[in-house]
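The residues making up each chain are set out below.
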Amino acid sequence: ICPKATKVSFHDYQPELDNFRQTVLHGLAHEHKQIPPKFFYDKRGSQLFEAILEQPEYYVPHVEKQLYRDYATEMAALIGENAVLIEPGSGSCEKVQLLLDALRPAAYVPMDISGDFLRQSAATLGAAFPWLQVHAACLDFTRELHLPQNVPAGRRVVFIPGSSLGNFDVPEAQHFLFNIAQLVGKGGGLLIGVDRKKAKAVLETAYNDAAGVTAAFNLNLLIRINNELEGTFDLDQFAHYACYNAAMGRIEMHLTSLQEQQVQVSGKTFHFARGERIHTENSYKYHPEEFITLATAAGFKCEQHWTDAANLFGIYYCTV
Ligand code: AVI
C-alpha cells in the first residue's frame with residue numbers, strides 16, 4: 001500500500017513589518033514610556049520565550065497541554081472530523097499535535113509572521129503527520145487573516161492556544177474575535193486557550209521565574225534597541241519588573257530605571273528618572289464568565305469549556 005503523499009504548501013502574504021525605530025522613538029517620548037510586546041521576538045527573544053515555556057513557575061503551557069491530552073477526544077467529538085483547522089500565530093505548531101489524531105482535520109492552516117520559522121514548522125509537521133494537508137500562510141494575524149486559495153472547502157475552526165488573546169487590550173481582543181467569527185462564518189468554530197484570573201502570588205511568580213528567564217526576555221528588548229537602533233542602554237541600570245494589576249485584571253511587565261540617567265536611541269536623548277519604567281507588556285487574565293461575555297459580544301456562542309482542577313487555565317469551544 002502506497003502511503004498518501006505529504007501535502008505541504010507555503011503562501012507568503014508578505015506581511016508589512018511595523019517600523020521598530022519609529023515605534024520605539026515614539027514610545028520613549030510618551031509621558032508613560034512604552035514599547036509594544038511584539039518587538040520582544042527577535043531571534044534571541046524567540047529563543048528566550050521558548051525557554052520561558054520550560055520554566056516550572058510559568059504554569060500556562062504545562063496546564064494547557066495536559067488539558068488537550070485529557071480532553072482531546074471530547075473536543076474532537078464537539079468539533080467533528082474534516083474541519084479546516086486554522087491556527088493564527090502557530091509558532092512551532094507544538095500544541096496542535098496533541099489534537100490532530102483525534103480531530104483528523106481535512107486541512108491545517110498554520111499562520112505566522114516569521115516566514116522561515118513557519119516554513120520549517122510546517123514541513124516538520126507535514127512529515128510527522130503524512131495524511132495531513134498543511135497550507136501555511138505567512139502573515140501578521142493581528143492585521144489580516146487570509147486563507148490560501150488551495151484550502152479545501154469545509155467547516156472552518158480557528159485554534160488559538162497559549163493565551164495569546166491576553167496580550168491584546170480588551171477592545172482589541174473583542175475586535176480580533178469578531179474578525180475570527182467573520183473568517184469561520186456561520187457553523188464555524190473557535191477552540192481557544194485563555195489564562196484565568198487567580199491569586200496575585202501565583203501570577204507574579206509565573207512572570208518572575210527563579211532562573212531569571214522572563215527577566216532576560218524583557219531586558220532583551222533593550223539589547224535589541226542597542227543593536228538595531230544605535231541605543232546606549234546600560235543593561236545593569238535597568239531591571240525587569242512584573243506585577244499583577246488586579247484592577248485591570250492583567251499582569252504588567254515593565255523595565256525599571258535603577259538610577260536617573262540619559263539614554264540615546266538613534267541620535268535622540270531620553271531622560272529617565274530613578275524608578276521610571278518602560279511598559280513592555282500586558283497579559284490579561286479572564287474569569288470564564290468574562291471570556292464568555294467577550295466571545296458572545298464578538299458573535300460566538302460558547303458550547304463547552306474545560307479547566308484544570310486548580311482552576312488555573314480555561315479552554316473554550318465556541319461556534320458562530
Ligand atoms: C505570549 N504570551 C501569551 C505570553 C503571556 O503570558 O502573556 C508572553 C509572556 N510574557 C512573559 N511570559 C510570557
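- Looking up the protein in an unreviewed UniProt entry gives the name L-histidine N(Alpha)-methyltransferase, with the organism given as Thiothrix fructosivorans.

**A short note on helix α5 (residues 115–128)**
Then comes step 1: Over its 14 residues, α5 runs 20 Å from end to end, which matches the ideal 20 Å to within 8%, given 1.5 Å per residue.
Then comes step 2: By the burial criterion, the buried members of α5 are Leu118, Ser121, Ala122, Leu125 and Gly126. Down the axis of α5, the smallest arc covering the buried residues is 135°, so these residues share one side. Of the exposed residues in α5, the ones pointing more than 90 degrees away from its buried face are Asp116, Gln120, Thr124 and Ala127.
Then comes step 3: Buried residues along α5 sit in contact with β1 (7–12), α4 (100–103), β3 (107–112) and β4 (133–138).

**A look at the sheet that holds β1**
Then comes step 1: Read across the sheet, eight strands follow the order β1-β4-β3-β2-β5-β6-β13-β12 without closing on themselves; strand pairing throughout is mixed. Edge positions in the sheet fall to β1 and β12 (301–307), since each of these pairs with one other strand and no more. Mean inter-strand twist for the sheet, computed between neighbouring axes without regard to direction, equals 20°.
Then comes step 2: In this sheet, β4 lies alongside β1 in parallel orientation, the contact comprising six bridges. Considered in β4, the bridge of Asp12 is made with Cys138.
Then comes step 3: Across the sheet, helix α3 (residues 59–79) touches β5 (156–160), β6 (189–195), β12 and β13 (313–319), and the angle it forms with β13 is around 30°.
Then comes step 4: Relative to β13, helix α9 (residues 288–297) is tilted by about 25°, and along the sheet it contacts β6, β12 and β13.

Rules used in this analysis
- Residues numbered from 1 in each chain as written.
- Predicted model: local features only at pLDDT ≥ 70, side-chain atom pairs only at ≥ 80, totals over all residues.
- Heavy atoms only, no water.
- Helix = DSSP H or I, 4+ residues; strand = E, 2+ residues; numbered from the N terminus.
- Expected span 1.5 Å × (residues − 1).
- Buried < 20%, exposed > 50% of the residue type's maximum accessible area, 1.4 Å probe, protein only.
- Arc of directions from axis to C-beta.
- Contact = heavy atoms within 4.5 Å.
- Pairing = 2+ DSSP bridges.
- Axes fitted to C-alpha atoms, helices over the stretch in contact; angles between N-to-C directions.

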